[in-house]
Amino acid sequence: MSQPLLRAEGLCWDAGGRRLVEAVSLALHPGEMVGLLGPNGAGKSSLIRLLAGLTTPTAGRVLLQGRPLADWPMPLRARRIGYLPQSFAPHWDVTLAELLRLGAGRGDTAAPADLRSLAARYGLEERLAQRWSSLSGGERGRALLATVLAAEPPLLLADEPGAALDVAQQWRMMALLRARPKRCAALVVLHDLNLAARWCDLVLVLDAGRLVMAGHPSDVLRDPRLDAIYGMSFGRVMEAGYLRLWPQEV
Ligand SMILES: Nc1ncnc2c1ncn2[C@@H]1O[C@H](COP(=O)(O)OP(=O)(O)OP(=O)(O)O)[C@@H](O)[C@H]1O
């Protein structure tokens, strides 16, 4: 297999007198779309922030293309890792066009036609002149993804990118991520297990800060340990080649 784009070795993170991430090791390879699953409070955002280099691990390390994250000059690191936070608001009430221009890292030189086609990919071409505060929740979610991916970073670390999107927009988003070039990889926090089953090559399950399951979605999501982790019983059926789950009882 090719060298991983990103590798984490024995990552631990303590905060508030608790161990929130415990000995997590993982690798993300080019071409992979990996779903990061787990119940609320499992440590998914904490892990994503460690992988993005936004927090310093208590122990362990992160390697980007084989080189410790801390050794990368910030601008080069930023060009390689696109980080999409769980929540975001710009400091100024910028227009969508201004935000996309910032994301593309081209100051104010980005040609209007480029911005238009970028926005069109996310169904936002009619929103370019609108200010952030006037965009709907789903439009903001797509605007943020478009901004993070504008410079085409090889690695995307996305914390619940579909949270504000309707069902159709969630599917469009997953299809769009899947269509990225083969040199790219994505680690995406998902709460919708069916999106993970349909679109991910691999899923990782985090529980109380530990990586407790990893593998092909149809294997991991079929495993009864998942029911114990979420504290509920899932119904399962294969449909059109993909596993489909639904909540049965809490
Ligand atoms: N800076 C911090 N100081 C203290 N506790 C923290 C800190 N950051 C996160 N936590 C705690 O760590 C645990 C994991 O939080 P995290 O946001 O990583 O979970 P998550 O899996 O992303 O959850 P969710 O699905 O609800 O978004 C939570 O109990 C949270 O309260």
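Residues numbered from 1 in each chain as written. Predicted model: local features only at pLDDT ≥ 70, side-chain atom pairs only at ≥ 80, totals over all residues. Heavy atoms only, no water.

- The name an unreviewed UniProt entry assigns to the protein is ABC transporter, from the organism Teichococcus aestuarii.
- Quoted verbatim from the Function (unreviewed entry) field of UniProt, the annotation for the protein is "Part of the ABC transporter complex HmuTUV involved in hemin import. Responsible for energy coupling to the transport system." (UniProt positions renumbered as here; feature names shortened; annotations may be inferred.)

Concerning the sheet that holds strand β8 (residues 185-189)
Thinking step 1. Taking strand neighbours across the sheet as the criterion, the six strands line up as β6-β7-β8-β3-β9-β10 in an open arrangement whose pairing is mixed. Unpaired on one side and paired on the other, β6 (81-84) and β10 (210-215) mark the two borders of the sheet. Neighbour to neighbour, the strand axes of the sheet diverge by 15° on average, direction disregarded. (Pairing = 2+ DSSP bridges. Helix = DSSP H or I, 4+ residues; strand = E, 2+ residues; numbered from the N terminus. Axes fitted to C-alpha atoms, helices over the stretch in contact; angles between N-to-C directions.)

Examining the site of the ligand
Thinking step 1. The full set close to the ligand counts 16 residues, and R18, G41, K44, S45 and S46 are the nearest of them.
Thinking step 2. Separating an oxygen atom of the ligand from a side-chain N or O atom of S46 is a distance of 2.6 Å.
Thinking step 3. Contact with the protein chains removes 64% of the 640 Å² of surface that the ligand exposes when unbound.
Thinking step 4. At the level of secondary structure, the elements contributing two or more residues to the shell around the ligand comprise β1 (6-15), β2 (18-28) and α1 (44-52).
Thinking step 5. At three residues, α1 tops the list of elements feeding residues into the shell around the ligand.
Thinking step 6. For the shell around the ligand, the class distribution of residues is five nonpolar, eight polar and three charged. (Near = heavy atom within 4 Å. Polar contact = N/O pair within 3.5 Å; in protein donor to acceptor, adjacent residues only side chain to side chain. Areas by Shrake-Rupley, 256 points an atom, 1.4 Å probe, with all protein chains shown as cover. Nonpolar A, V, L, I, M, F, W, Y, C, P; charged D, E, K, R; others polar.)

Quick notes on the pairing of strand β9 (residues 202-207)
Thinking step 1. Bridging between strand β3 (residues 33-37) and β9 involves four bridges; their strand directions are parallel. Bridge pairing links V34 to L202 in β9.
Thinking step 2. If you look at the hairpin formed by β9 and β10, you'll find two residues sitting between the two strands, and A208 has a positive phi there, around 50°.

Comments concerning the pairing of strand β7 (residues 155-158)
Thinking step 1. Every second residue of β7 is oriented toward a common face, with L155 and L157 on one face and L156 and A158 on the other, all of them buried.
Thinking step 2. Of the pairings in the sheet, the one linking β6 to β7 comprises four bridges and is parallel in character. Its bridge partner being in β7, L84 is matched across the sheet by A158.
Thinking step 3. In the sheet, β7 pairs with β8 via four bridges, with the strands oriented parallel. Its bridge partner being in β8, L157 is matched across the sheet by L187.
Thinking step 4. In this region the chain leaves β7, passes through helix α6 (residues 167-178) and returns to the parallel neighbour β8; the handedness of that crossover is right-handed. (Buried < 20%, exposed > 50% of the residue type's maximum accessible area, 1.4 Å probe, protein only. Right-handed = clockwise from strand over helix to strand, strands pointing away.)

Here's the deal with helix α3 (residues 96-103)
Side chains of residues three or four places apart in an α-helix project in the same direction, reflecting 3.6 residues per turn.
Thinking step 1. Within the span of α3, buried status applies to L96, A97, L99, L100 and G103. The buried residues of α3 occupy one face: seen down the axis, they fall within an arc of 160°.
Thinking step 2. Looking at the residues trailing α3, positive phi occurs at G105, about 65°. (Arc of directions from axis to C-beta.)

Focus on the environment of L187
Thinking step 1. Residue placement: L187 occurs in strand β8.
Thinking step 2. Taking the C-alpha atoms as reference, L187 lies 24 Å from R101; in sequence the two are 86 residues apart.
Thinking step 3. Setting aside residues up to four positions removed in sequence, L187 forms contacts with L28, V34, L36, I48, L51, L156, L157, A158 and L204. (Contact = heavy atoms within 4.5 Å.)

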